[in-house]
Amino acid sequence: MRVDPNVHPTVGNAPDGTILTSAPQDTAVDRATAAARRVVDALLRTDRTNANLERVAEELDSIAAHLEEHAPEVQERLVDMWHGEGVTRHDPVTGPENALAPPLVLAGREDGSVEGVVTLTFPYQGPPGHVHGGVAALLIDHTLGVANAWAGRSGATAQLNVRYHRPTPLFEPLTVTGRLVREEGRKIETVGEIKTADGAVCVSVEALFIDKTVPRPR
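On a predicted model such as this, the values are computed, not experimentally measured, just so you know. (Residues numbered from 1 in each chain as written. Predicted model: local features only at pLDDT ≥ 70, side-chain atom pairs only at ≥ 80, totals over all residues. Heavy atoms only, no water.)

Caption draft 1: Just the pairing of strand β5 (residues 173–184), in detail. Bridging between strand β3 (residues 113–119) and β5 involves seven bridges; their strand directions are antiparallel. Paired with G116 across the strands is V176, a residue of β5. Pairing geometry for β5 and strand β6 (residues 187–196), over 10 bridges, is antiparallel. The residue of β6 that forms the bridge with E183 is I188. (Pairing = 2+ DSSP bridges. Helix = DSSP H or I, 4+ residues; strand = E, 2+ residues; numbered from the N terminus.)

Caption draft 2: Representation of helix α1 (residues 28–45). Here α1 spans 26 Å end to end across 18 residues, near enough to the 26 Å set by a 1.5 Å rise per residue. Residues of α1 that are buried: D30, T33, R37 and D41. One face of α1 carries all of its buried residues, which in axial projection span an arc of 75°. In this structure, α1 carries A28 and R38 as exposed residues pointing more than 90 degrees from its buried face. (Expected span 1.5 Å × (residues − 1). Buried < 20%, exposed > 50% of the residue type's maximum accessible area, 1.4 Å probe, protein only. Arc of directions from axis to C-beta.)

Caption draft 3: Main features of the sheet that holds strand β1 (residues 18–19). A sheet is described by the order of its strands in space; here seven strands give the open sequence β1-β2-β3-β5-β6-β7-β4, paired in antiparallel fashion. Edge strands, defined here as strands with exactly one partner in the open sheet, are β1 and β4 (156–164). As judged from the two bridges shared by β1 and strand β2 (residues 107–108), these two strands associate in the antiparallel manner. By the bridge assignment for β2, I19 is matched with A107. Its contacts with the sheet put helix α4 (residues 133–150) on β1, β2, β3, β4, β5, β6 and β7 (201–210), and the angle it makes with β5 is roughly 50°. (Contact = heavy atoms within 4.5 Å. Axes fitted to C-alpha atoms, helices over the stretch in contact; angles between N-to-C directions.)

What follows is the structure in structure tokens.
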């Protein structure tokens, strides 16, 4: 369930199951980004000897040159990125406009937690057939930030204590969760986990956030 985008949803003003991340839209940029994700995945899967990669490289170079030709200055683009909805569309975890993002969709729960399910493939591989540890930390760090916002707080990550219990598998649904557990002045303590579909904990995190944000570009 979604709420008014002009009102930041929290556990106190929005129902259980509220989607807290930006939804993909039927727009050219979202379709192009989804296609780019397919390309990245397909390049890792394809037969290196029979896929005519010279032609693919030429076409991709042409597409990149076209996009760069229409790119504004970085500062102008930053202002545009951070204008409007508070939940961003361009971050590397949940952003539908970012081809690096899986993307993970997160929902708020009435118990104060947030959770989402995502299946990661070859672009996120570290050990054979498993998720890179840095990618797992990225996913859960972002999830904890969303959990803080769902609880009505915000802040910058000051410390992540990440514990890797077992290798995190690719090609399987993973549940990512987060919850704010304690507040003390500007300090915010949040915990989270990444689990497999059968409930096995792959990664757990205890984190400290500080109630301080970087101002939006103007």
